[in-house]
Amino acid sequence: MAILEKRRLWLAALIAAAILFPLFVANGYYVHMMTISFIWMIAVYGLNLFAGYTGYLSLAHAGFFAIGAYTLGILTVKAGWPFWLAFAAACLLTTLIGVFVGLVALRTKEHFFAIYTLCVGYIIYLIIDKWDSLTGGVRGFIGIPAPADIGPLSFQTPVAQYYLVLFFLLVVVWIMHRLVYSLTGRTYIAIRNSEELALTLGISTMKNKLASFVLSVFFTSLAGALYASFIRFLGPDIAYVSVMFDFLTYLLVGGIGTLAGPVVGTLLITFLSQQLQFLQDYRMLIFGPVLTLLIIFYPHGIAGGVIRLKAKREEARRLDPEANRVAAELAVSSQGRGERHAEEGS
């Protein structure tokens, strides 16, 4: 109970810090970077839901991110749709595409699934890059409007958009928390641990994997739509493999299969990337070996490592009284045997 209260206090403190951040940081650049980080976090939570809790690595999520972003841009700029209607349609369309991709992809397993989704992601990138009349191709897509006002709420300033993105991030975290600690979340974990055992228990693995995949695609498309409305310019690079590599880096560094992992990993890598901008041309050469070493020697990431360390401490603390009790009983028993031997000798 005390641990639960401590977690709630930490969570409340983090939310309060995020809310107060723009009020105490006058530099607009840091507000901009935090907003971008929140958008990445939403996308990484989508990847984490499927890869971390179901155990399947999807390499197409950068493509789904780009579909959400481009759909919002096309519907608002070329079709003239109202912003929030286009926003909802972008998430819905990307999710429907995710359903069709998942129905085919989930018939494969392990590395075959990863290779298939990698191909899907690259096909999405090629479509965006080559379909000039629709996406603008390599020239990019410009003129995307900022989020429209909702009654008295206006989102025309960077700070207002910061709070809008933070709102969506908190909703995603809340959904993830409710899902992970529900029966559905336990079902996903059972599939991750042993799909064959889950089948013998009567779990519909295909149905649950597809539901997890579709929801993860929805989260990623939501991040893409928010990205388009915040940056207001799109290029085909957002669907490229390097973006998928970034998502994986954020997740693995933070801790795959943990609720805090996407936040920790995204903030840490984003901060380091900003501090090492002079090495931007060599980032793949730097982060690639670091990520490889992390997977080998610290596979659970920062958040996962902390959770496991706390679990070991709690287990040791729980076993200490038991060990002391057993030692005391042995001591009493040994003393009793010694007295009996003394009596027999006399």
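Please read all numbers here as calculations on a predicted model, not as lab measurements.

Caption draft 1: Structural detail: the overall build of the chain. From N to C terminus, the chain includes 14 helices and two strands. The long-range fraction of contacts in the chain, counting pairs at least 24 apart against all pairs at least 6 apart in sequence, stands at 77%.

Caption draft 2: Examining the environment of Thr94 more closely. Looking at the secondary structure, you find Thr94 in helix α4 (residues 83–105). Accessibility expressed as a relative area gives 0% for Thr94, which makes it buried. Considered as a pair, Thr94 and Ile67 are 27 residues apart in the sequence and their alpha carbons are 6.2 Å apart. Not counting the four nearest positions on each side in its chain, Thr94 is found in contact with Phe64, Ile67, Gly68, Val217 and Ser221. Only 3.5 Å separates the side chain of Thr94 from the backbone nitrogen of Gly68, close enough to count as a polar contact.

Caption draft 3: Representation of the pattern of salt bridges. If you walk through the whole model with that rule in mind, you get two salt bridges. In this structure, Asp129 engages Lys130 in a salt bridge whose closest nitrogen and oxygen atoms are separated by 3.4 Å. Residue classification places Lys130 among the exposed residues on the basis of a relative accessible area of 61%. Between Glu195 and Lys209 there is a salt bridge; the shortest N-O distance is 2.9 Å. Of this pair, Glu195 sits in helix α9 (residues 195–200) while Lys209 sits in helix α10 (residues 205–231), placing them 14 residues apart in sequence. Residue classification places Lys209 among the buried residues on the basis of a relative accessible area of 2%.

Caption draft 4: Highlighting the packing of aromatic side chains. The tally for this structure, following the rule as stated, stands at 25 aromatic pairs. Aromatic side chains Tyr125 and Tyr240 sit 4.9 Å apart centroid to centroid with 55° between the ring planes, which places their arrangement in the tilted category. Remark: Tyr240 occurs in the loop between β2 (233–234) and α11 (241–254) and Tyr125 occurs in helix α5 (residues 110–130); sequence separation between them is 115 residues. Overall, Tyr240 belongs to the partly exposed group, its relative accessible area being 35%.

Caption draft 5: Just the packing of helix α8 (residues 183–193) against α10, in detail. Following both chains from N to C, one finds α8 and α10 inclined at 110°, their axes separated by 10 Å at the closest point. In this view, α8 runs roughly perpendicular relative to α10, as classed from their interaxial angle. Pair α8 / α10 crosses with left-handed handedness. Only Thr205, Asn208, Lys209, Ala211 and Ser212 of α10 make contact with α8, whose side of the interface consists of Thr187, Tyr188 and Ile191. For the contact of α8 with α10, the class distribution of residues is three nonpolar, four polar and one charged.

Conventions and cut-offs
- Residues numbered from 1 in each chain as written.
- Predicted model: local features only at pLDDT ≥ 70, side-chain atom pairs only at ≥ 80, totals over all residues.
- Heavy atoms only, no water.
- Helix = DSSP H or I, 4+ residues; strand = E, 2+ residues; numbered from the N terminus.
- Contact = heavy atoms within 4.5 Å.
- Buried < 20%, exposed > 50% of the residue type's maximum accessible area, 1.4 Å probe, protein only.
- Polar contact = N/O pair within 3.5 Å; in protein donor to acceptor, adjacent residues only side chain to side chain.
- Salt bridge = Lys/Arg side-chain N within 4 Å of Asp/Glu carboxyl O.
- Phe/Tyr/Trp six-rings, centres within 6.5 Å; stacked < 30°, edge-to-face > 60°.
- Axes fitted to C-alpha atoms, helices over the stretch in contact; angles between N-to-C directions.
- Parallel < 35°, antiparallel > 145°, perpendicular 65-115°, else oblique.
- Left-handed = near helix turned anticlockwise from the far one by under 90°.
- Nonpolar A, V, L, I, M, F, W, Y, C, P; charged D, E, K, R; others polar.

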